[in-house]
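Geometric and topological summary
So the chains spell out like this:
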Amino acid sequence: MSRASETLADIPLSTRTILALCLLTYLYQFLFDPPLHNYTMCPQNVLYLHEFYRIITSALFHGGLMHIGMNSMSTMAIGGMLEKQIGTLMMGITILWGILLTSVIYVFISWLLFAT
């Protein structure tokens, strides 16, 4: 078994799943060059146009190769270690809650600052 396959086999399921989702999203982004303003966070669109999908998609789209690379490496290191301690189900819940809470807090703060 090669060193790369050993490293991939050592990554727990939830961490591997979020890495795969982010990498597949980046591959889609790279190959098809979609307009990112249709997927990334825009609190005005979430609040007034009810584009709630942005809460999830904004966590999956990345700004470039360096961005996805650094996020993937930190997710592999920290996420893998944490998942081994708390379990796959709790890690999946933690990731989902992290995505939802950060996006909702961002939208709420934007609403507080710019609501007139």
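Residues numbered from 1 in each chain as written. Predicted model: local features only at pLDDT ≥ 70, side-chain atom pairs only at ≥ 80, totals over all residues. Heavy atoms only, no water.

1. Some remarks on the nonpolar core
The biggest cluster of nonpolar side chains holds eight residues, and these are I18, C22, Y26, L60, I68, M91, I95 and I99. Listed by contribution, the elements that provide at least two residues to this core are α2 (13–32) and α6 (88–114). Not counting residues within four places of it along the chain, the set of residues in contact with I18 comprises L60, T75, I95 and I99. (Core = buried A, V, L, I, M, F, W, Y, C linked by side-chain atoms within 4.5 Å. Buried < 20%, exposed > 50% of the residue type's maximum accessible area, 1.4 Å probe, protein only. Helix = DSSP H or I, 4+ residues; strand = E, 2+ residues; numbered from the N terminus. Contact = heavy atoms within 4.5 Å.)

2. Considerations on the packing of α2 against helix α5 (residues 65–86)
With their axes 9 Å apart at the nearest point, α2 and α5 run at an angle of 170° to one another. Viewed along their axes, α2 and α5 adopt a mutual orientation that is roughly antiparallel. Contacts from L13, S14, T15, I18, L19, C22, L23 and Y26 of α2 reach α5 at L65, I68, S72, T75, M76, G79, G80 and E83. Its residues assigned to classes, the contact of α2 with α5 shows nine nonpolar, six polar and one charged. (Axes fitted to C-alpha atoms, helices over the stretch in contact; angles between N-to-C directions. Parallel < 35°, antiparallel > 145°, perpendicular 65-115°, else oblique. Nonpolar A, V, L, I, M, F, W, Y, C, P; charged D, E, K, R; others polar.)

3. Considerations on the packing of aromatic side chains
Summed over all chains, the structure comprises three aromatic pairs. With centroids separated by 5.6 Å and ring planes inclined at 45°, the aromatic side chains of Y28 and F32 adopt a geometry described as tilted. In this pair, Y28 and F32 both sit in helix α2, four residues apart, roughly one turn of the helix. Classification of F32 by relative accessible area gives exposed; the value is 59%. (Phe/Tyr/Trp six-rings, centres within 6.5 Å; stacked < 30°, edge-to-face > 60°.)

4. So, the pattern of salt bridges
Here the idea is simple: oppositely charged side chains can pair when their charged atoms come close. With the rule as written, the count across this model stands at two salt bridges. The closest approach of N and O atoms between K84 and D10, which form a salt bridge, is 3.6 Å. A residue pair is termed long-range when its members are at least 10 positions apart, and K84 in helix α5 and D10 in the loop between α1 (3–9) and α2 qualify at 74 residues. In this structure K84 comes out as exposed when scored by relative accessible area, which is 54%. Across the pair R54 and E51 runs a salt bridge, and its minimum N-O distance is 2.6 Å. On the accessibility criterion, E51 (19% relative accessible area) is buried. (Salt bridge = Lys/Arg side-chain N within 4 Å of Asp/Glu carboxyl O.)

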